[in-house]
Amino acid sequence: MKEIDDFFIPDNEIRLPEELDYSRVSEFKSSEKLYLVKSFKWLVLLFCLVIASCDHTQTERLDEAMSIVSERPDSAYVLLKGIDYNKLDSDKDKADYTLSHALSNLYLGQSLLTDSLLPTAINYYNSVNDTSAIVGASIAQAYHLRSVDENDKAWGLLDSLSAIMPKNIKRRINQDLLGFSFYDKDFNKSLDIIERQIRLSDNGEERFNFELKKITPLVSLGRNRDAIALCDSLFSIADCPKEGTREWLALRINYAAALGESRETSRQAAEILADILKRMGDAPTRSLLEFYIPMVNLQLNAGNINEARKYAEIIDNSGINIAESDAIAASYFDFS
């Protein structure tokens, strides 16, 4: 066991203040300052690394979103949700974010109402001569303009762009213009765009398919005789599809549509559709509704009330609510 004296400092180890050496105190103070400075520098460096890591992560997400937006727009949309536009540093990243966000909305069938930064993106892509991005951003901008009821500006934007682009890009842009014209029911514009596409076609099959697209605008414009004459000419050309093929059936259906607009030729149209239904065999009723519905109208026009009732009963027995899905089509069944 320790003695009491063991807990005290021996007298010979005690130093008086005047005996202490203070000569190195400043060294310790300098060392402490140096340590604090170095620690601060490390903290600044660590902070910079964290920020750089975040920016790098955002750039990686943006690059991935751009690469998958056309095939997986839903996944691209989710990636873009994790990116803060205001923290993007470069004009390129901001333009790419704007474009990919707009395209994801477009491919998902969503409104582009909020995609208002597209003109800035287009200006950037023009400055770096990125043709593909210019076209994509311009098409997206056209849809944005249509979302705010600026249809004429949307048309003018794509129409002027198509005029200066090479053939393959013209064809792509023309398809969007054709879609606009059908949606707006501006069928004179539809016919104009179809003629452009025919001139740009590479082969007879492509030309045939575009000629076929003329029939709906012609019928809608009341030019039934022109539509019938066109069908007759298509049946006789060398590039006409073989009987029974999908393309041949499409031509026959359009032919029936043109004939059905006139009471005098309604019976012939009904015969064509009846033949098509027979060829389609045991297809599900839902798939055949698009033929049954016009058959009711055609048989009525031809004066065949009993035949009209027969097809109306088929539709009624299908259990599909036509009135709810298509009020115009439902009006065909109002006969008694």
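The coordinates are above.
Residues numbered from 1 in each chain as written. Predicted model: local features only at pLDDT ≥ 70, side-chain atom pairs only at ≥ 80, totals over all residues. Heavy atoms only, no water.

Peer 1: Hey, could you run me through the overall build of the chain in this one?
Peer 2: Per the secondary structure count, the chain includes 17 helices and 0 strands. Carbon and sulfur atoms form 52% of the exposed surface of the chain, whose accessible area is close to 21,200 Å². (Helix = DSSP H or I, 4+ residues; strand = E, 2+ residues; numbered from the N terminus. Areas by Shrake-Rupley, 256 points an atom, 1.4 Å probe, with all protein chains shown as cover.)

Peer 1: I would appreciate a short explanation of the packing of aromatic side chains in the present structure.
Peer 2: Within a pair of aromatic rings, the relevant descriptors are the distance that separates the centres and the angle that separates the planes. The final tally for this structure, using the stated rule, is 5 aromatic pairs. Look at Phe-182 and Phe-187: their rings are 5.9 Å apart centre to centre, the planes differ by 85°, and that puts the pair in the edge-to-face class. Ring centres of Phe-235 and Tyr-255 lie 5.5 Å apart, and the angle between their planes is 65°; this geometry places the pair in the edge-to-face category. Here Phe-235 is found in helix α11 (residues 224–236), whereas its partner Tyr-255 is found in helix α12 (residues 246–259), with 20 residues between them in sequence. We classify Tyr-255 as buried; its relative accessible area is 9%. Of note, Lys-189 hangs over the ring of Trp-155, and the distance from its end group to the ring centre comes to 4.3 Å. Between Lys-213 and the ring centre of Phe-210, over which it is positioned, the NZ or CZ distance is 5.4 Å. (Phe/Tyr/Trp six-rings, centres within 6.5 Å; stacked < 30°, edge-to-face > 60°. Buried < 20%, exposed > 50% of the residue type's maximum accessible area, 1.4 Å probe, protein only. Lys NZ or Arg CZ within 6 Å of the ring centre and 35° of its normal.)

Peer 1: Where do I start with the packing of helix α6 (residues 151–164) against helix α7 (residues 167–183) in this structure?
Peer 2: Two packed helices can be described by the angle between their axes and the distance between those axes. Following both chains from N to C, one finds α6 and α7 inclined at 155°, their axes separated by 9 Å at the closest point. One finds that α6 runs roughly antiparallel with respect to α7. The hand of the α6/α7 crossing is left-handed. Here Trp-155, Leu-158, Asp-159, Leu-161, Ser-162, Ala-163 and Ile-164 of α6 come into contact with α7, specifically with Lys-170, Ile-173, Asn-174, Asp-176, Leu-177, Phe-180 and Ser-181. Of the residues assigned to the contact of α6 with α7, the class counts are 8 nonpolar, 3 polar and 3 charged. (Axes fitted to C-alpha atoms, helices over the stretch in contact; angles between N-to-C directions. Parallel < 35°, antiparallel > 145°, perpendicular 65-115°, else oblique. Left-handed = near helix turned anticlockwise from the far one by under 90°. Contact = heavy atoms within 4.5 Å. Nonpolar A, V, L, I, M, F, W, Y, C, P; charged D, E, K, R; others polar.)

Peer 1: Before we go on, may I ask you to explain the nonpolar core in this structure?
Peer 2: If you look at soluble globular proteins, the nonpolar side chains tend to sit buried side by side. In this structure, Tyr-125, Val-135, Leu-158, Ile-173 and Leu-177 are the most contacted members of the largest nonpolar core, which totals 42 residues. Contributions of two or more residues to this core are made by α1 (25–68), α2 (73–81), α3 (91–107), α4 (118–127), α5 (131–147), α6, α7 and α8 (187–200). When residues of this core are assigned to their parent elements, the largest contribution, 8 residues, is made by α5. Sequence-distant contacts of Leu-177, defined by excluding residues within four places in its chain, comprise Trp-155, Leu-158, Asp-159, Ile-193 and Arg-196. Counting residues in each nonpolar core, the second largest holds 37 residues, with Ala-269, Ile-276, Leu-277 and Phe-291 among its members. (Core = buried A, V, L, I, M, F, W, Y, C linked by side-chain atoms within 4.5 Å.)

Peer 1: Explanation requested: the environment of Phe-208 in the structure shown.
Peer 2: For Phe-208, the location among the structural elements is in helix α9 (residues 204–213). Judged by its relative accessible area of 3%, Phe-208 is buried. In this structure Phe-208 touches Leu-234, Ile-237, Asp-239, Cys-240, Pro-241 and Leu-251, once residues within four positions along its chain are discounted.

Peer 1: Looking at this structure, how should I read helix α15 (residues 305–317)?
Peer 2: Since the α-helix turns once every 3.6 residues, residues separated by three or four places project in the same direction. Compared with the 18 Å implied by 1.5 Å per residue over 13 residues, the 18 Å span of α15 between its first and last C-alpha is a close match. Restricting attention to buried positions, one finds in α15 the residues Ala-308, Tyr-311, Ala-312 and Ile-315. Buried positions in α15, seen along its axis, are confined to an arc of 105° and lie on one side of it. What points out from α15, more than 90 degrees from its buried face, is the exposed set Asn-306 and Asn-317. After α15 finishes, the residue Gly-319 shows a positive phi value of roughly 80°. (Expected span 1.5 Å × (residues − 1). Arc of directions from axis to C-beta.)

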